[in-house]
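# Fold and geometry: a report
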Amino acid sequence: MKNNRWALVTGADRGLGLALVKGLLARGYDVWAGQYAEECQALQELEAAYGKRVRPIHLDISDAKSVAEALCTVAAETEQLDLLINNGAILGDISTTIQDELDFEDIEQVFRVNTLGALRMTNGLIELILKSTDKIIVNISSEAGSVGASKRTAWYAYCMSKSALNMQSQLVHNQISPLGGKVLVVHPGHVQSYMKGELDETAKLSPEQSAQHILGLLEQRLGPDWPDQALALTDYQGRQWPW
């Protein structure tokens, strides 16, 4: 099926993922919206407003079968994917230190989502991505994954999973940049989200504000002006953080 531009966003049920879907639709993309929850009223409302330009697909990026089913659906309906945004993530325990008893099952689950989830999606969609004109992968990382800027004494699961995502991004970049592929690794800022179980009202940015910054940054880098330099962790305002 021919189309102008296709994008896929994981973790699109709410928060930043949902805001990214809305921003992409406004920019003319048709969007596959990875939906973890069984029901999502916000995505249903977008379907009513945009019709087939938005396509929710049930997607648990930590589960190989769920990912495989979603990828089959996408591949059956489009010949290329212009933009993949690996946004889906969970926080895990953020209070336990090395002097406490760590919950290793919790840590493993965070890695399955934040690191391996993104890798599953990129691996499964890479041929569709490389068939497109833009060939862009955006990995939503975090300053928490920066080793050079780390000051925390806890957050083991989240920090380590995002640091591993940064390495993953570098490896993918090394492979696809000679083929015209592009990888953008973004720290979205402190966003009002439900990652702690309830809305974080202390956060500086709304999901919509963060999404607009990220998509604006992406637009600045499209085309021949994309920086031909080493991959970097970039925040939503374009500033670089140390790996």
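Right, let's get into the packing of aromatic side chains. In this description, an aromatic ring pair is defined by two values, namely the gap between the centres and the angle between the planes. Throughout the structure, instances matching the rule amount to two aromatic pairs. With a centroid separation of 5.4 Å and an interplanar angle of 25°, the aromatic rings of tryptophan 6 and tryptophan 32 are classed as stacked. With a gap of 26 residues between them, tryptophan 6 in strand 1 (residues 6-9) and tryptophan 32 in strand 2 (residues 30-35) connect regions that are remote in the sequence. Of the two residues examined, tryptophan 6 and tryptophan 32, each falls in the buried class. Between the NZ or CZ atom of arginine 5 and the centre of the ring of tyrosine 29, over which it lies, the distance is 4.1 Å. Over the ring of tryptophan 155 we find arginine 152, and its NZ or CZ is 4.4 Å from the ring centre.

Our focus in this paragraph is the pairing of strand 2. Among the six residues of strand 2, six are classified as buried, and the element is accordingly described as predominantly covered. Residue alternation in strand 2 divides its side chains into two sets, Asp30, Trp32 and Gly34 and Val31, Ala33 and Gln35, and both sets are buried. Relative to strand 2, strand 1 runs parallel, the two sharing four bridges. Bridge assignment links alanine 7 to a residue of strand 2, and that residue is valine 31.

Mapping threonine 115 onto the fold places it in the loop between helix 4 (104-114) and helix 5 (116-130). In contact with threonine 115, other than residues within four places in its own chain, are Val110, Ser161, Ala164, Leu165 and Gln168.

What follows concerns helix 5. Helix length check: helix 5 (15 residues) gives 20 Å between terminal C-alpha atoms against 21 Å at 1.5 Å per residue, within 8%. Its maximal kink placed at glycine 124, helix 5 deviates by approximately 45°. If you check which residues of helix 5 are buried, you get Gly117, Ala118, Met121, Thr122, Leu125, Ile126, Leu128 and Ile129. Residues of helix 5 that are buried sit in contact with strand 1, helix 3 (64-77), strand 4 (83-86), helix 4, strand 5 (136-140) and helix 6 (156-176).

Before going further, it helps to examine a negative patch on the surface. A surface patch of like charges, here negative, comprises Glu101, Asp103, Glu105 and Glu108. One can find glutamate 108 in helix 4.

Procedures and definitions
- Residues numbered from 1 in each chain as written.
- Predicted model: local features only at pLDDT ≥ 70, side-chain atom pairs only at ≥ 80, totals over all residues.
- Heavy atoms only, no water.
- Phe/Tyr/Trp six-rings, centres within 6.5 Å; stacked < 30°, edge-to-face > 60°.
- Helix = DSSP H or I, 4+ residues; strand = E, 2+ residues; numbered from the N terminus.
- Buried < 20%, exposed > 50% of the residue type's maximum accessible area, 1.4 Å probe, protein only.
- Lys NZ or Arg CZ within 6 Å of the ring centre and 35° of its normal.
- Pairing = 2+ DSSP bridges.
- Contact = heavy atoms within 4.5 Å.
- Expected span 1.5 Å × (residues − 1).
- Bend = angle between axes of the 7 residues up to and from the residue.
- Patch = residues over 30% accessible without salt bridge, like charges linked within 9 Å, V, L, I, M, F, W, Y side chains within 5 Å.
- Areas by Shrake-Rupley, 256 points an atom, 1.4 Å probe, with all protein chains shown as cover.
- Salt bridge = Lys/Arg side-chain N within 4 Å of Asp/Glu carboxyl O.
- Lys, Arg positive; Asp, Glu negative; His and termini not counted.
- Charge placed at Lys NZ, Arg CZ, Asp CG, Glu CD.

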